[in-house]
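Each chain is listed here by its residues.
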Amino acid sequence: MLTELVIASHNQGKIAEFKNMLSPLGVTVYSAAELNLPDVEETGTTFAENAQIKAETLSSLTQKPCLADDSGLCVHTLNNAPGVYSARYAPNRNFDLAMTKLIDELKSSGSSDWSAHFSCVLALKIPHQPTRFYEGRVDGNITPNRRGNNGFGYDPIFIPQGFNKTFAEMEAKEKADISHRGRAVKLFLNKEFNV
Ligand code: IMP
């Protein structure tokens, strides 16, 4: 049974989400910053590899169980770019520019297929156990006209399948119910905590 968990992220939003979810289950959650842990470089070529590198590095430094995630947007016509490079695709972390760049690339591809998916992989490393993985995915389409003010990153140009609105037009709860991260977290909670 997990009683403590290090979250391998410096993203305050993600850490708060995990604390909210796991504290009621009796888990003491530490952020990487609280334990003075370094930022781990994402040198992998898949979401799973990056999540694994982060979880295993911080677990070996702390000798505690550690949870890491990696996620991104895969645009099918662009050979699944930006994929694991979704954060780095944004010049100076400016996602407005990143969305313009993506839409320009789709327009110049000449393809009418603007389908895409978001992926999220969670890696859980418990000392002396093999790393366990939980993966979530949501399919949808890129729209050339950004809409909505909620969320972050590429949310204003992603319309999930079966909806007429972008992720940025959804309330947090509505997005979490169907999102890649929400789905990965549900699998994690179900398997590790039976909830
Ligand atoms: P990371 O998982 O923190 O490395 O983030 C990967 C990048 O993928 C983020 O910076 C966003 O650009 C993008 N991304 C991941 N999940 C989402 C999402 O739910 N909405 C919009 N963009 C996302």
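Provided above is the structure to which this section pertains.
For the structure given in this document, a descriptive report is provided here. Predicted model, so just to flag it, every value in this text is computed and none were measured.

Thresholds, definitions, all that
Residues numbered from 1 in each chain as written. Predicted model: local features only at pLDDT ≥ 70, side-chain atom pairs only at ≥ 80, totals over all residues. Heavy atoms only, no water. Helix = DSSP H or I, 4+ residues; strand = E, 2+ residues; numbered from the N terminus. Buried < 20%, exposed > 50% of the residue type's maximum accessible area, 1.4 Å probe, protein only. Contact = heavy atoms within 4.5 Å. Pairing = 2+ DSSP bridges. Right-handed = clockwise from strand over helix to strand, strands pointing away. 1 Å grid on protein atoms, 1.4 Å probe; cavity = no way out; pocket = protein on both sides within 12 Å on 5 of 7 lines; lining within 4 Å. Points joined across faces, edges and corners; volume = space filled by probe spheres on them. Nonpolar A, V, L, I, M, F, W, Y, C, P; charged D, E, K, R; others polar. Phe/Tyr/Trp six-rings, centres within 6.5 Å; stacked < 30°, edge-to-face > 60°. Lys NZ or Arg CZ within 6 Å of the ring centre and 35° of its normal. Expected span 1.5 Å × (residues − 1).

Topic: the side chain of K175
With respect to the secondary-structure elements, K175 resides in helix α4 (residues 172-178). According to the relative accessible area criterion, K175 is buried, its value standing at 10%. With near-sequence residues (within four places) excluded, K175 lies in contact with F152, D155, F167 and M170.

Re the pairing of strand β1 (residues 4-7)
In this structure, β1 lies alongside strand β2 (residues 28-31), joined through four bridges in parallel fashion. Bridge pairing in β2 links L5 to V29. With helix α1 (residues 12-22) bridging β1 and the parallel β2, this β-α-β connection has right-handed handedness. Both β1 and strand β3 (residues 66-75) contribute to a ladder of two bridges, which runs parallel. By the bridge assignment, I7 is partnered in β3 with L67.

Quick notes on the layout of surface pockets
As a volume, the largest pocket reaches approximately 1,400 Å³. Along the wall of the largest pocket there are 50 residues; nearest its centre are N11, K14, S71, F152 and R181. With six residues, the top contributor of residues to the lining of the largest pocket is helix α5 (residues 180-193). Class assignment of the residues belonging to the lining of the largest pocket gives a composition of 19 nonpolar, 14 polar and 17 charged.

Details of the packing of aromatic side chains
Tallied over the entire structure, the rule returns six aromatic pairs. Plain terms: the ring middles of F95 and Y154 are 5.3 Å apart, the flat faces sit at 85° to each other, and that makes the pair edge-to-face. Of this pair, F95 sits in helix α3 (residues 95-109) while Y154 sits in the loop between β6 (132-142) and β7 (158-160), and the two are 59 residues apart along the sequence. By relative accessible area, which is 22% here, F95 ends up partly exposed. For the ring pair Y134 and F188, a centre distance of 5.9 Å and an interplane angle of 70° mean the geometry is edge-to-face. Placement of Y134 in strand β6 and of F188 in helix α5 is noted, with a sequence separation of 54 residues between them. Each member of the pair, Y134 together with F188, is buried. Through a chain of ring-to-ring contacts, three or more aromatic side chains come together here, namely F118, F158 and F167. Over the ring of Y89 we find K101; its NZ or CZ atom is 4.1 Å from the centre of that ring.

Description of α5
Along its 14 residues, α5 runs 20 Å from first to last C-alpha, staying within 8% of the 20 Å computed at 1.5 Å per residue. Buried within α5 we find H180, R181, G182, A184, V185, F188, L189, E192 and F193. On the buried face of α5, the contacting elements are β1, α1, β3, β5 (115-125), β6 and α4. A positive backbone phi angle near 60° is found at N194, which sits one or two residues after α5.

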